[in-house]
Amino acid sequence: MTDASTRTVQLATDFIGKGDPLGWFEELYATANGDPTTVPWARLTPHPLFVEWLNQHSLVGKTAIVIGCGLGDDAEELAKRGMEVTAFDISETAIAWCKKRFPDSSVNYQVADLFQLALGKFDFVLESYTIQAMPPELRAQAIPKIAELVAESGQLLVICLGREPEQPLATVPFPLTKIELSGFTQAGLHEVKFEDLNEPETVRRWRVQYRG
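What you see is a predicted model; the values in this text were computed from it and never measured.

Rules and cut-offs
Residues numbered from 1 in each chain as written. Predicted model: local features only at pLDDT ≥ 70, side-chain atom pairs only at ≥ 80, totals over all residues. Heavy atoms only, no water. Helix = DSSP H or I, 4+ residues; strand = E, 2+ residues; numbered from the N terminus. Buried < 20%, exposed > 50% of the residue type's maximum accessible area, 1.4 Å probe, protein only. Lys, Arg positive; Asp, Glu negative; His and termini not counted. Salt bridge = Lys/Arg side-chain N within 4 Å of Asp/Glu carboxyl O. Contact = heavy atoms within 4.5 Å. 1 Å grid on protein atoms, 1.4 Å probe; cavity = no way out; pocket = protein on both sides within 12 Å on 5 of 7 lines; lining within 4 Å. Points joined across faces, edges and corners; volume = space filled by probe spheres on them. Nonpolar A, V, L, I, M, F, W, Y, C, P; charged D, E, K, R; others polar. Core = buried A, V, L, I, M, F, W, Y, C linked by side-chain atoms within 4.5 Å.

J.: Can you walk me through the side chain of E76 in this structure?
T.: Residue placement: E76 occurs in helix α4 (residues 73–80). One buried charged residue, E76, forms no salt bridge at all, with the nearest opposite charge on K80 at 7.8 Å. In this structure, E76 is in contact with F102, S105, V107 and Y109, ignoring residues within four places of it in sequence.

J.: Explain unusual backbone geometry here, please?
T.: A positive phi angle, near 65°, is found at L44, a position not held by glycine. Take L44: its relative accessible area is 36%, and that puts it in the partly exposed class. Even without a glycine there, the phi angle at Y129 is positive, about 65°. Structurally, Y129 can be placed in the loop between β4 (122–128) and α6 (136–147).

J.: I tried to follow the layout of surface pockets on my own but got confused; where do I start?
T.: Rolled over the atoms, a probe with the dimensions of a water molecule shows which regions are left empty. Counted as a void, the largest pocket has a volume near 1,000 Å³. Residue lining of the largest pocket: 48 residues in total, with P40, W41, S128, Y129 and Q132 positioned closest to the centre. When residues of the lining of the largest pocket are traced back to their parent elements, those giving at least two are α1 (3–17), α2 (23–30), β1 (63–67), α4, β2 (84–89) and β4. Its residues placed into classes, the lining of the largest pocket shows 30 nonpolar, 11 polar and seven charged.

J.: In this structure, what is going on with the nonpolar core? I would like to understand it.
T.: As a rule of thumb, nonpolar side chains are buried together in soluble globular proteins. Among the nonpolar cores identified, the biggest contains 44 residues, and W24, V125, I146, L156, L181, F184 and Y210 are the most heavily contacted of them. Those elements giving two or more residues to this core turn out to be α1, α2, β1, α5 (92–101), β4, α6, β5 (150–162) and β7 (204–211). The leading source of residues in this core is α6, at five residues. Other than its neighbours up to four places away in sequence, Y210 contacts G154, Q155, L156, V158, L181, F184, T185, L189, H190, E191 and V192.

Set out below in structure tokens:
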């Protein structure tokens, strides 16, 4: 585990232990002091599994929202491809960082909490690696909140780490089970395509497409 990962796990564990399971995001970004190498998921490029999917789907002219946008690379990729993009993160520092990185961006960056959103519905919703950073008790609440953002006939793309139910949860990130993901269909969405992108013996990455 890298130093950045070790630090992140410790922060998350500490905040979850004191009953503030989302507070560690702001702490992580604020104490990074502008150094993206201290944020484990900050690639400074859009996620390759997302880019691969985008290359097969045209969303030009559609509205889009990125959940937990981090440093903004996925949101910028959507805007570059002709979408009207909103992106939010619970971390005020992360959003300020996005605006500094992309001062001329067309993306509407906002500081917001998924559990208190009032942003309407979107043609495309991206959830990439955010739910898995939450403890299990929050996921059952987060999944229907995400589903609410999907417009009628809109699309949701979920990218996450996956695990079997019998595999233990150790530390952040907490991979999702298919049972947990079924919460999206229980919330009224329709599963279009499920992709298991790795062999079970390795880290499992799942990419799942839903439609409203």
